[in-house]
Amino acid sequence: MDTTHQLIVLILFAVTSFVLAADPSPLQDFCVAIDEPHDACITSNLYYSDSMFVNGKFCKNPVLVVAEDFTLGGLNIPGNTSNQLGVFVTPATVAQLPGLNTLGISLVRIDYAPYGGLNPPHTHPRATEALVVLEGTLYVGFVTSNPENRLISKVLYEGDVFVFPQGLIHFQFNIGKTKAVAFAGLGSQNPGVITIANAVFGSNPPISDDVLAKAFQIDKKLVDYLQAQFWTKTN
Ligand SMILES: *[C@@H]1O[C@H](CO)[C@@H](O)[C@H](O)[C@H]1NC(C)=O
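Residues numbered from 1 in each chain as written. Predicted model: local features only at pLDDT ≥ 70, side-chain atom pairs only at ≥ 80, totals over all residues. Heavy atoms only, no water.

Novice: Hey, could you run me through the UniProt feature "binding site: Mn(2+)" (unreviewed entry) in the protein chain in this one?
Specialist: Look at the UniProt record and you will see "binding site: Mn(2+)" (unreviewed entry) annotated at His122, His124, Glu129 and His170. In sequence the annotated residues extend across 49 residues, while in space they remain close, none of their C-alpha pairs exceeding 12.0 Å. Mapping His124 onto the fold places it in the loop between β8 (118-123) and β9 (129-135). Judged by its relative accessible area of 7%, His124 falls in the buried class. With near-sequence residues (within four places) excluded, His124 lies in contact with Glu129, Gln166, Gly167, His170, Leu186, Pro191, Gly192 and Val193. A polar contact of 3.4 Å, which involves the side chain of His124, links it to the side chain of His122. Following the sequence through the fold, Glu129 ends up in strand β9. Ignoring sequence-local partners within four residues, the contact set of Glu129 consists of Ile110, His124, Phe162, Val163, Phe164, His170, Gln172, Ala184, Gly185 and Leu186. (UniProt positions renumbered as here; feature names shortened; annotations may be inferred. Helix = DSSP H or I, 4+ residues; strand = E, 2+ residues; numbered from the N terminus. Buried < 20%, exposed > 50% of the residue type's maximum accessible area, 1.4 Å probe, protein only. Contact = heavy atoms within 4.5 Å. Polar contact = N/O pair within 3.5 Å; in protein donor to acceptor, adjacent residues only side chain to side chain.)

Novice: Help me understand the pattern of salt bridges, please; the structure alone is not making it clear to me.
Specialist: Any two side chains of opposite charge can pair, given that their charged atoms come close. All told, the structure shown has four salt bridges when counted by the stated rule. Two residues, Asp35 and Lys57, come together in a salt bridge whose shortest N-O distance is 3.5 Å. Of this pair, Asp35 sits in the loop between β1 (33-34) and β2 (41-43) while Lys57 sits in strand β5 (residues 57-59), and the two are 22 residues apart along the sequence. Judged by its relative accessible area of 23%, Lys57 falls in the partly exposed class. Between Lys60 and Asp69 there is a salt bridge, with its nearest N and O atoms 3.0 Å apart. (Salt bridge = Lys/Arg side-chain N within 4 Å of Asp/Glu carboxyl O.)

Novice: I would appreciate a short explanation of the packing of aromatic side chains in the present structure.
Specialist: Aromatic ring pairs are reported here in terms of the distance separating the ring centres and the angle at which the planes meet. For the structure shown, the criterion picks out six aromatic pairs. Both rings, one in Phe30 and one in Phe70, keep their centres 5.4 Å apart while their planes meet at 75°; by these two values the pair is edge-to-face. Of this pair, Phe30 sits in the loop between α1 (3-20) and β1 while Phe70 sits in the loop between β5 and β6 (87-92), and the two are 40 residues apart along the sequence. Looking at Phe70, the relative accessible area reads 38%, which means it is partly exposed. Ring geometry for Tyr139 and Phe171: centres 5.3 Å apart, planes at 55°, overall tilted. Residue Tyr139 is found in strand β10 (residues 138-143), and its partner Phe171 is found in strand β13 (residues 169-174); the two are separated by 32 residues along the sequence. (Phe/Tyr/Trp six-rings, centres within 6.5 Å; stacked < 30°, edge-to-face > 60°.)

Novice: Can you walk me through the UniProt feature "binding site: oxalate" (unreviewed entry) in the protein chain in this structure?
Specialist: Feature annotation in UniProt assigns "binding site: oxalate" (unreviewed entry) to the following positions: Asn119, His124 and Glu129. Looking at Asn119, the relative accessible area reads 3%, which means it is buried. Once you skip the residues sitting within four places of it in the chain, Asn119 turns out to touch Val87, Val89, Ile110, Tyr112, Phe171, Gln172 and Thr234.

Novice: Honestly, the environment of Phe30 in this entry has me stumped. Any pointers?
Specialist: Residue classification places Phe30 among the partly exposed residues on the basis of a relative accessible area of 26%. Separated by 70 residues in the primary sequence, Phe30 and Leu100 have C-alpha atoms spaced 8.1 Å apart. Apart from the residues within four sequence positions on either side, Phe30 is in contact with Pro62, Val65 and Phe70.

Given below as C-alpha cells:
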C-alpha cells in the first residue's frame, strides 16, 4: 500500500471505531464511582490519592470495592404515576449504581398510568435504548433525522422489545385500560435525557418568544401560554 492508501485505511479505522463505540471502553475490570477520593491527603503541597479520575467520576480503590457497589434494590416498586403525564421513570444509572462507572450501560424502570400514561417525546444524547414491555400495551415510536423525519412506530404488548436509536426523538404512550410497566437498557452509564417540550418551552431562562413563534409557526400569545405551563420533569 502506498501512503495515501495507508492514510485512508487509518482514517476508516478511526472513524469505524468511533462509530462503534458508545461510552469509552474501560481499561480495568471496573471503576466503582465515588464523588471524592476518600483516601486523598495533602502533604507538603503534594496530593496523594489511591483514586483515578476517569470520565467524570473517581474510581474507588479496588481493594475497598464490595458487592453493594454493584447492587441496587427497589426496581420491583412501581413508580408514582400521579402526575400530569401519568408516568414515572426509576433510573439505575451510574448516579444510583456506582459500579456502572466506565462500563457503558444502565437501565430504567418506567411505569405508565392506565388510559394515556405518557413518556413524552425525548432523546438520550448518549445512548441507544432497548425497551421491553413487562405489562400493558404501549404505542411507541421514534422519528428519523432530517429531511425525512419519518415516524417509525408500533403497538407493543407484554414481552415485546423495541429499540430507540441513539439521539432520536422517541416516546411511549399507554393505550391500554390497565397500567403498563417497561424496563429499558441504555448504552451509556449516563444516557442523559432531553424532554423536547420542557427544553423548548420550559427552558430557564425562557427562549425569546420571537424565536419560538417563528420556529413553530404559532402566535406569540400561544408561545407565552406554553412557556407559562408547568412542565413535568421525567428522568
Ligand atoms: C403520588 O404522588 C402524588 C402527587 O405528588 C401524591 O399526592 C401521592 O401521595 C403519591 N402517592 C404515593 C403512594 O406516594
